[in-house]
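One letter stands for each residue in the lines below.
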Amino acid sequence: ECYAHAVECGAGTAAFILLKTSMVLLIRETHWCLWGSPYLDAYGEEDPELKRGRPLSLNRERYEQLQLLHSTHGFDHNSRVASRWHVG
């Protein structure tokens with residue numbers, strides 16, 4: 001469903017937050033990667049499976065990084081993303 005939405009509404013590029021994990025799924029054409037979470041606990045750590053039960057807050061710096069990547073179509077030029085691309 002995410003891929004179909006990316007193609008139809010985002011010309012093949014999109015970012016989705018996966019609610020059950022708080023991770024961000026990036027899609028560009030036939031490639032995808034998990035970017036990480038823009039939500040961190042009080043210690044600045046992610047809780048990728050939401051198992052620790054600590055409150056999470058939106059981290060402004062991570063959110064701004066993600067926003068910049070998406071608005072400039074910079075997914076291919078960012079080493080954090082480029083090293084994690086999967087095909088299919």
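Residues numbered from 1 in each chain as written. Predicted model: local features only at pLDDT ≥ 70, side-chain atom pairs only at ≥ 80, totals over all residues. Heavy atoms only, no water.

(A) Inspection of the overall build of the chain at higher detail. Counting secondary structure elements, the chain contains 3 helices and 6 strands. Of the regular secondary structure in the chain, the N- to C-terminal order runs α-β-β-β-β-β-α-α-β. For the chain, the C-alpha radius of gyration of 13 Å lies close to 12 Å, the compact-globule estimate for 88 residues. Over its C-alpha atoms, taken along the principal directions, the chain stretches across nearly 35 × 25 × 20 Å. The buried share of the chain, reckoned over its 88 residues, is 32%. Here the chain has roughly 5,900 Å² of accessible surface; of this, 53% comes from carbon and sulfur atoms. Of the charged side chains in the chain, 9 are positive and 11 negative, and the gap between their average positions amounts to 5 Å. (Helix = DSSP H or I, 4+ residues; strand = E, 2+ residues; numbered from the N terminus. Rg over C-alpha atoms; globule rule 2.2 N^0.38 Å. Buried < 20%, exposed > 50% of the residue type's maximum accessible area, 1.4 Å probe, protein only. Areas by Shrake-Rupley, 256 points an atom, 1.4 Å probe, with all protein chains shown as cover. Lys, Arg positive; Asp, Glu negative; His and termini not counted. Charge placed at Lys NZ, Arg CZ, Asp CG, Glu CD.)

(B) Expanded view of the environment of Arg28. For Arg28, the location among the structural elements is in strand β2 (residues 23–28). A relative accessible area of 17% means that Arg28 is categorised as buried. As a C-alpha pair, Arg28 and His73 span 45 residues in sequence and 9.2 Å in three-dimensional space. Among the polar contacts made by the side chain of Arg28, one reaches the side chain of Glu29 at a distance of 3.3 Å. (Polar contact = N/O pair within 3.5 Å; in protein donor to acceptor, adjacent residues only side chain to side chain.)

(C) Expanded view of the pairing of strand β3 (residues 31–36). Sheet topology note: the β2/β3 ladder contains 5 bridges and is antiparallel. The residue of β3 that forms the bridge with Val24 is Gly36. Linkage of β2 to β3, two consecutive antiparallel strands, is achieved through a turn of 2 residues, within which Glu29 is found at a positive phi near 55°. Here β3 runs beside strand β6 (residues 86–87); their pairing, made up of 2 bridges, is antiparallel. Counted as the bridge partner of Trp32 is His86 from β6. (Pairing = 2+ DSSP bridges.)

(D) View of the nonpolar core. Of all hydrophobic cores here, the largest spans 8 residues; its members are Val24, Leu26, Cys33, Trp35, Leu66, Leu69, Phe75 and Trp85. Every element with two or more residues in this core is listed here: β2, β3 and α2 (60–71). Trp85 has contacts with Leu26, Arg28, His31, Trp32, Cys33, Phe75 and Asp76, leaving out every residue within four places of it along the chain. Judged by nonpolar contacts, the second largest core, of 5 residues, contains Ala6, Ala14, Leu25 and Ile27. (Core = buried A, V, L, I, M, F, W, Y, C linked by side-chain atoms within 4.5 Å. Contact = heavy atoms within 4.5 Å.)

(E) View of the sheet that holds β6. Sheet architecture is open: 4 strands sit in the order β1-β2-β3-β6, paired in antiparallel fashion. Here the strands that pair on one side only, and so sit at the sheet edges, are β1 (13–18) and β6. Across the face of the sheet, α2 comes into contact with β1, β2 and β3 while running at roughly 160° to β3. (Axes fitted to C-alpha atoms, helices over the stretch in contact; angles between N-to-C directions.)

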